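Residue-level structure breakdown
Chain by chain, the residues run as shown.
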Amino acid sequence: MSAREIRAPRGTELSCRSWPQEAAMRMLMNNLDPDVAERPQDLVVYGGTGRAARSWEAYDAIVRTLKGLADDETMLVQSGKPVAVFRTHEMAPRVLISNSMLVPKWADWDTFRDLEDAGLTMYGQMTAGSWIYIGSQGILQGTYETLAECATQRFGGTLAGTITLTGGLGGMGGAQPLAVTMNGGVALCVEVDPVRIERRMKTRYIDRETDSLEQALSWAEAARTEREAVSIGLVGNCAEVLPELLARGFRPDIVTDQTSAHDPLGGYVPAGLTLAAAADLREADAKEYQRRAYASMAEHVRAMVGFLRQGSVTFDYGNNLRAGAQIGGLAKEEAYSFPGFVPAFVRPMFCEGKGPFRWAALSGDPEDIAKTDRAVAELFPENERLQRWLVLAAERVAYQGLPARICWLGYGERAKAGLKFNEMVASGELAAPIVIGRDHLDSGSVASPYRETESMKDGSDAIADWPILNALINTAAGAHWVSVHHGGGVGIGYSIHAGMVVVADGSENARDRLERVLTSDPGMGVVRHADAGYESALAVAHERGVRIPMEEGRP
């Protein structure tokens, strides 16, 4: 069974017994749409080697099983391969997924790759192996929120008149240029693969492209002077370009990175190699490739530290680049001299249970997204940042695959939006059901000490009970499919995280599921941060009625 072009069905005709199964099938297929996935022929969706299914044989078995799955049955998927169907009950999830999970002592890339080569596992990333990836927009809004907070803290509320220097334009990093320009700034994005830049040009995430450093700098400086919002894709290797920019005295206002540094073999390209030469070395000598990749990360981060010392706002964007630099020979004190984006900008939002709320129109009709955009805007008129995002997204975000949208909503808000969507489906205002999910990068669903849980107030960065509890409560609450993953975003050995999806099909069953799941899921974020001692999370819990037994016992 071999590769073929996959596109999700549109419209209201069902291939499965009910909409929840149909939604799972369509979203799996949407992950592999050639307009969505990075290497659909290899089942790779994004993030180096993040797959939607372990093999084409497994993919076909998943689809076949979903088409026949009853409303009181649950399919189990072990690292991209369907392994069982059991009778459960109507309110249970239709699919339960576990990806890339290894016993902790064996949780390293070498062991994982040996098992992957043996056909026993796959890398699920975050939303690749949980079938809720929606293209670059999925990370775009979180990047927009992060940079908006950076602008508020450091630049008077706007990035106008600033340059953000960054790297990586893949499935996650490709959101960066548009997120910068949406906040009014100039983005200078270094990417080693010109095909990725071309792709971002076609989807309007990048405004200009060049392989000339001089031209890129000329454009960037002119736009900064004119306070013009412009994004520039520069073909080059970050480990070569950033040191050169530093040596030239270039002074960006913000420096970050979203190259595939989490994967030193499948993603990050060492300095001094063409893409073809890198592919050859990867095949011929994996250990030497990784050694050179880590050494390049060290040079990459050394340059970022140089920009930090000359005054640039510098932060890690969650790809484990700092850890890679340390392995590559950079002293730990230097590698970690700048913070991650969560403690720097995002954690106050996490304390409110605020995070990524994404939805897709199973009809395939963009008008369904336009209608839900308007509904969200009407539900939360006081949220100025959200209102600005919805306008900009409608104007500037090109859909990849099924039309979709994302915005950041907090505890109480997500349930309100989900119930509204269900009413709109029930009334016929929307042409077909809406799938609601989120990134695994959320307030209560991840343990990732170099990203989401970096520098927790109580030192609980590495405690992984929380994402498991998140998956368990979402299962009990009735999410339509639930997943637990290992290693997404930062690589094998560095994170445990969970995802959930629930379908608004207009039914009473869906209404009950939506109310429970979209309350308990962000509620886990409030609880996790309240438990860590964040006063703002405790205040949210008290104000919004989140029950915390240890707090209830206090005088």
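See above for the structure.
An account of the accompanying structure is given in this report. Bear in mind that the values here come from a model prediction, so they are computed numbers and not experimental data.

A look at unusual backbone geometry
Unlike most non-glycine residues, Leu43 shows phi in positive territory, near 65°. Mapped onto the elements of the fold, Leu43 is located in the loop between helix H1 (19–31) and strand S1 (44–46). Judged by its relative accessible area of 2%, Leu43 is buried. Here Asn320, not a glycine, exhibits a phi torsion of approximately 65°, which is positive. As for its position among the elements, Asn320 is in the loop between strand S11 (313–314) and helix H11 (321–327). For Asn320, a relative accessible area of 6% corresponds to the buried category.

Notes on the pattern of salt bridges
Two side chains carrying opposite charge are able to pair once their charged atoms lie near each other. A full pass over the atoms with the stated rule returns 31 salt bridges. Where Arg26 meets Glu22, a salt bridge forms, and the shortest distance between an N and an O atom there is 2.8 Å. In this pair, Arg26 and Glu22 are both assigned in helix H1, four residues apart and thus about one turn of the helix distant. On the accessibility criterion, Glu22 (0% relative accessible area) is buried. In this structure, Glu145 and Arg385 form a salt bridge, with 3.1 Å as the shortest nitrogen-oxygen distance. Placement of Glu145 in helix H4 (residues 137–154) and of Arg385 in helix H15 (residues 384–396) is noted, with a sequence separation of 240 residues between them. You can call Glu145 buried: its relative accessible area is 2%. Owing to a relative accessible area of 23%, Arg385 belongs among the partly exposed residues under this scheme. Several salt bridges converge on common partners, so that one network encompasses Glu5, Arg7, Asp33 and Asp35.

Details of the side chain of Glu191
As for its placement among the helices and strands, Glu191 is situated in strand S7 (residues 186–191). Among the polar contacts made by the side chain of Glu191, one reaches the main-chain amide nitrogen of Leu169 at a distance of 2.7 Å. In terms of polar contacts, Glu191 uses its side chain to reach the backbone amide nitrogen of Asp193, at 2.8 Å. Setting aside anything within four residues of it in sequence, one finds Glu191 in contact with Gly168, Leu169, Gly170, Arg196, Ile197, Leu234, Val235 and Gly236.

Let's talk about the pairing of strand S16 (residues 481–486)
When you tally the buried positions in S16, you get six out of six residues, the bulk of the element. The side-chain alternation of S16 yields two buried faces, one formed by Trp481, Ser483 and His485 and the other by Val482, Val484 and His486. Pairing analysis gives five bridges linking strand S5 (residues 95–99) to S16, with the strands arranged parallel. Residue pairing for S16: Ile97 is matched across the bridge by Ser483. One ladder, built from six bridges, connects S16 with strand S17 (residues 496–504); its direction is antiparallel. Looking at the pairing, His486 lines up with Ile496 of S17.

With respect to a negative patch on the surface
Together, Asp108, Asp110, Asp114 and Asp117 make up a negatively charged patch on the protein surface. When its relative accessible area of 68% is taken as the criterion, Asp117 is described as exposed.

Digging into empty space enclosed by the protein
Scanning the entire structure with this criterion turns up six cavities of 30 Å³ or more. In this structure, the largest cavity occupies an estimated 210 Å³ of space. Contributing to the lining of the largest cavity are 22 residues, with Met172, Gly173, Gln258, Thr259 and Asn319 lying nearest its centre. Here the residues of the lining of the largest cavity sort into five nonpolar, 14 polar and three charged. Taken together, Gly138, Ile139, Gly142, Thr143, Thr146, Tyr317, Phe341, Pro356, Ile406, Trp408, Asp439 and Leu441 make up the lining of the second largest cavity. At the level of elements, H4 and strand S13 (404–409) are the ones that each hand at least two residues to the lining of the second largest cavity. Ranked by residue count, the leading element in the lining of the second largest cavity is H4, at five residues.

The rules behind the values
Residues numbered from 1 in each chain as written. Predicted model: local features only at pLDDT ≥ 70, side-chain atom pairs only at ≥ 80, totals over all residues. Heavy atoms only, no water. Helix = DSSP H or I, 4+ residues; strand = E, 2+ residues; numbered from the N terminus. Buried < 20%, exposed > 50% of the residue type's maximum accessible area, 1.4 Å probe, protein only. Salt bridge = Lys/Arg side-chain N within 4 Å of Asp/Glu carboxyl O. Polar contact = N/O pair within 3.5 Å; in protein donor to acceptor, adjacent residues only side chain to side chain. Contact = heavy atoms within 4.5 Å. Pairing = 2+ DSSP bridges. Patch = residues over 30% accessible without salt bridge, like charges linked within 9 Å, V, L, I, M, F, W, Y side chains within 5 Å. Areas by Shrake-Rupley, 256 points an atom, 1.4 Å probe, with all protein chains shown as cover. Lys, Arg positive; Asp, Glu negative; His and termini not counted. Charge placed at Lys NZ, Arg CZ, Asp CG, Glu CD. 1 Å grid on protein atoms, 1.4 Å probe; cavity = no way out; pocket = protein on both sides within 12 Å on 5 of 7 lines; lining within 4 Å. Points joined across faces, edges and corners; volume = space filled by probe spheres on them. Nonpolar A, V, L, I, M, F, W, Y, C, P; charged D, E, K, R; others polar.

So yeah, pure geometry; function would need other evidence.
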